[in-house]
Amino acid sequence: MGGRLYKWTIEEAKNVFFTSDTHFGHENILKYCSRPFADINEHDEELIRRWNEKVPEDGTVFHLGDVGFCSNKRMNEILEQLHGKIYLIIGNHDWRRITEQHKWRFEEMTQQMSIMIGKHSIILNHYPLLTYAGVWKGQQATWNLFGHVHTSPYTAQGLDHQRLNVLFPTQYDVGVDNNDFTPVSFEEVQQIITNQMMSLGMCRNKK
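Overview of the structure. No experiment lies behind these values; they were computed from the predicted model shown.

Let us now look at the overall build of the chain. A tally of helices and strands in the chain yields six helices and 10 strands. Residues counted as buried form 52% of the 207 residues belonging to the chain. In the form shown here, the chain has an accessible surface area of approximately 10,400 Å², with 49% of it arising from carbon and sulfur atoms.

The structure is reproduced here in structure tokens:
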């Protein structure tokens, strides 16, 4: 786990974003997840475009794993184009794909990270957690942001997603398949989780 607890105020977090499972250069991901692109070049170019359209150059991005499947040269070409400071929470495929040649692009690489935004405690992991400290604290419940399961409106859910029964309302899949192939902002995640909690009566209002 990362040793440092990163903290932002709500105001500072306007430039904080989350994403996962970009799978740059991975031709088979188009088939596996029914991603709506003609080929992997179009896929990569569009994900880069959407990333940079959303994330400012001075933004902060937490990438929750499975960055890409391509040559070291191609990976570095892609990483050079992406806006923001990137923190990588390592995914199951990154152990083989992210090498010493790519470490220059990441502020930190770790298996799991906890951050604070305002009063919100957030656990970042490539995988959804079965349970974790602080999950049942009502409006101040700890969030778990994850990827890996490829939640998607384009296809029947991935194999890992099918094994999940019910996720906590304080969890959210920030993977690109679940978010129009675009990083999601803290503000967007906050609204999504608030809505999920309200649907179960865990919040009294949207503040």
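What follows is about the nonpolar core. In this structure, Phe 24, Val 67, Leu 82 and Phe 106 are the most contacted members of the largest nonpolar core, which totals 25 residues. Taken together, the elements giving at least two residues each to this core come down to helix 1 (27-32), helix 2 (40-54), helix 3 (72-81) and strand 4 (85-89). Beyond its immediate sequence surroundings of up to four residues, Val 67 is in contact with Thr 22, His 23, Phe 24, Met 75, Leu 79, Leu 88, Asp 94, Ile 98 and Phe 106. Ranked by size, the runner-up nonpolar core spans 24 residues in total, among them Val 16, Ile 117, Tyr 172 and Val 189.

A two-sided burial pattern is seen for strand 8 (residues 143-146), the buried positions comprising Trp 143 and Leu 145 on one face and Asn 144 and Phe 146 on the other. Two elements, strand 7 (residues 120-125) and strand 8, share three bridges in a ladder whose sense is parallel. Bridge pairing in strand 8 places Ile 122 opposite Trp 143. Bridge count between strand 8 and strand 9 (residues 171-173): three bridges; the pairing is parallel. Looking at strand 9, one finds that Phe 146 is bridged to Asp 173.

The next thing to look at is the sheet that holds strand 5 (residues 106-110). With mixed pairing, the five strands of this open sheet are ordered in space as 5-4-3-2-10. The open sheet terminates on both sides in strands that have one partner only, identified here as strand 5 and strand 10 (184-185). Inspection of the sheet shows strand 2 (residues 16-19) paired to strand 3 (residues 60-63) by four bridges, in the parallel sense. Among the inter-strand pairings, Thr 19 is bridged to a residue of strand 3, identified as His 63.

A positive phi angle, close to 55°, is found at Asp 21, a residue other than glycine. Position of Asp 21 relative to the elements: it lies in the loop between strand 2 and helix 1. With phi around 70°, His 148 is a residue other than glycine that occupies positive phi space. When you line up the elements, His 148 lands in the loop between strand 8 and helix 5 (159-162).

Cut-offs used in this document
Residues numbered from 1 in each chain as written. Predicted model: local features only at pLDDT ≥ 70, side-chain atom pairs only at ≥ 80, totals over all residues. Heavy atoms only, no water. Helix = DSSP H or I, 4+ residues; strand = E, 2+ residues; numbered from the N terminus. Buried < 20%, exposed > 50% of the residue type's maximum accessible area, 1.4 Å probe, protein only. Areas by Shrake-Rupley, 256 points an atom, 1.4 Å probe, with all protein chains shown as cover. Core = buried A, V, L, I, M, F, W, Y, C linked by side-chain atoms within 4.5 Å. Contact = heavy atoms within 4.5 Å. Pairing = 2+ DSSP bridges.

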